[in-house]
Amino acid sequence: MKVLVTGGAGYIGSHTVLSLLENNYEVIVYDSLVNSSIESLNRVEKLTGKKVEFIEGDICDKDKLSEVFEQFTIGAVIHFAALKAVGESAKIPLSYYQNNVYGTVCLLEVMEHNNVHDFIFSSSATVYGEENDVPYVETMKLGTPSSPYGASKVMVERVLNDLALSDSNFRGVSLRYFNPIGAHESGQIGEDPKGIPNNLLPYVAQVAVGKREKLSIFGDDYPTQDGSCERDYLHVMDLAQGHVAALDWLNRHNDFTGVEAFNLGTGNGVSVFAIVKAFEKAIDKTIPFEVSPRRAGDLPAFWANATKANEQLNWHAERNLTQMMSDTWRWQSSNPNGYLA
Ligand code: NAD
Ligand code: UDP
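Asker: Explain the pairing of strand β5 (residues 118-124) here, please?
Answerer: Put simply, side chains in a regular strand alternate between the two faces of the sheet. Counting buried residues in β5 gives seven out of seven residues, a clear majority hidden from the surface. By the alternation rule, side chains of β5 split into Asp118, Ile120, Ser122 and Ser124 and Phe119, Phe121 and Ser123, which are all buried. The pairing of strand β4 (residues 76-79) with β5 spans three bridges and is classified as parallel. From the neighbouring strand, His79 faces β5, where its bridge partner is Phe121. As paired elements, β5 and strand β6 (residues 171-177) share seven bridges and run parallel to each other. The residue bridging Asp118 from the neighbouring strand is Arg171, located in β6. Viewed along the sheet, the connection from β5 through helix α6 (residues 148-166) into β6 turns out right-handed.

Following this line, the structure appears as structure tokens:
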């Protein structure tokens, strides 16, 4: 079966492409490379010994997308392509709604036109917003995220629900990721943020490798065990395998139509201080840090109830925190400048 992977050159996309190839799916990647490098896919090809078909293009370009659907017989789409920097989304919200919402609508239109109905969407724990109590469970109502980025994920989930109500052939899965970290165990592919990292692990890793002086821990006065925020960190290879599990689930359930949401997380909250300690232990080195004021929009703590994915997708996050840290370090220390060599 041929799977179209939008945004497949990016961080989660490249790891998922690797997992798909290892599970004998054929992969076509469609990516504008706005936040990634083609080198990630060259490395995936080397690691798997398999070919990745690559088309450079924007999901807002319906003509180009249509050509791809005409050229290949596509069985399903996994849709990663999006802009993802929470802070930036407040500065340029229109770009976020254009890319993440309008771009998704373009893709869905082209799919509909070509009678492709199976769709897996990169959603996020942020869709639960501030309103819901932890742990988050899929039966909760969509919340009100604090950023345009988060709002774009809620909007797309709504689009998918409305599409499913109107089109009895549509088969959608929203995978709500918690906090993916780590890298493939080879250290050959990993997260390669442009500029100053926004996320915790890339920042910690760049401090460890000497590219940044010290980590700022955003707040130590939250109502949590040690005062820093808690998140549900999961290994990116577990997350990648979650996509294979979701695709297998769609393929097993021929009679399914509609949209199903699944949380992909470990079910455990881990604090920022605990992450720093775990990283220090894994690499046997001290990470300099200072405590800074809270970051706007951060919630104190959230983690997943992942029972639905465990039971229905037969998926579990298997890799522990030590593996997440040592794989991050293997990637960062052997690629201090990311894919730029
Ligand atoms: P990433 O930036 O590494 O990957 C996104 C990819 O999409 C990049 O390769 C980029 O070049 C491409 N892209 C962006 N806009 C495009 C467009 N208009 N047309 C074609 N390609 C485009 O990000 P990631 O961390 O791999 O995230 C993948 C998806 O998962 C995103 O939808 C993101 O919102 C979602 N997500 C990520 C996290 C996380 O912590 N990384 C958490 C929850 C959800
Ligand atoms: N964080 C931090 N310093 C950083 C980056 C992040 O203390 O340089 C904290 C942040 O406040 C949050 C946690 O680490 O509590 C995870 O942040 P990240 O941006 O990685 O994920 P998200 O905010 O999406 O959960």
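Asker: Is there a simple way to explain a negative patch on the surface in this structure?
Answerer: A surface patch of negative charge is lined by Asp58, Asp61, Asp63, Glu67 and Glu70. Among the structural elements, Glu70 can be located in helix α3 (residues 62-71). Overall, the relative accessible area of 64% leaves Glu70 in the exposed class.

Asker: Any chance you could explain the packing of aromatic side chains here in plain terms?
Answerer: Within the structure shown, the criterion is met by 10 aromatic pairs. Taking the centre distance of 5.5 Å and the plane angle of 75° together, the rings of Trp249 and Phe262 count as edge-to-face. Note that Trp249 is positioned in helix α8 (residues 236-252) and Phe262 in strand β11 (residues 258-264), a separation of 13 residues in sequence. Across the pair, exposure class does not vary: Trp249 and Phe262 are buried alike. Among the aromatic residues, those joined into a cluster by ring pairs are Tyr128, Tyr136, Phe178 and Phe302.

Asker: Quick question: what am I supposed to make of the site of ligand 1 here?
Answerer: Within the structure, ligand 1 sits among 26 residues, and Asp31, Asn35, Ser36, Asn99 and Tyr149 are positioned closest to it. Within the backbone of Phe80, a nitrogen or oxygen atom sits 2.7 Å from an oxygen atom of ligand 1. Calculation on ligand 1 without its partners gives an accessible area of 830 Å², and the protein chains cover 95% of this total. Only α1 (11-22), β5 and α6 provide two or more residues apiece to the shell around ligand 1.

Criteria and thresholds
- Residues numbered from 1 in each chain as written.
- Chains lettered and ligands numbered in written order.
- Predicted model: local features only at pLDDT ≥ 70, side-chain atom pairs only at ≥ 80, totals over all residues.
- Heavy atoms only, no water.
- Buried < 20%, exposed > 50% of the residue type's maximum accessible area, 1.4 Å probe, protein only.
- Helix = DSSP H or I, 4+ residues; strand = E, 2+ residues; numbered from the N terminus.
- Pairing = 2+ DSSP bridges.
- Right-handed = clockwise from strand over helix to strand, strands pointing away.
- Patch = residues over 30% accessible without salt bridge, like charges linked within 9 Å, V, L, I, M, F, W, Y side chains within 5 Å.
- Areas by Shrake-Rupley, 256 points an atom, 1.4 Å probe, with all protein chains shown as cover.
- Salt bridge = Lys/Arg side-chain N within 4 Å of Asp/Glu carboxyl O.
- Lys, Arg positive; Asp, Glu negative; His and termini not counted.
- Charge placed at Lys NZ, Arg CZ, Asp CG, Glu CD.
- Phe/Tyr/Trp six-rings, centres within 6.5 Å; stacked < 30°, edge-to-face > 60°.
- Near = heavy atom within 4 Å.
- Polar contact = N/O pair within 3.5 Å; in protein donor to acceptor, adjacent residues only side chain to side chain.

Fair warning: the whole summary comes from geometry, so function is off the table for now.
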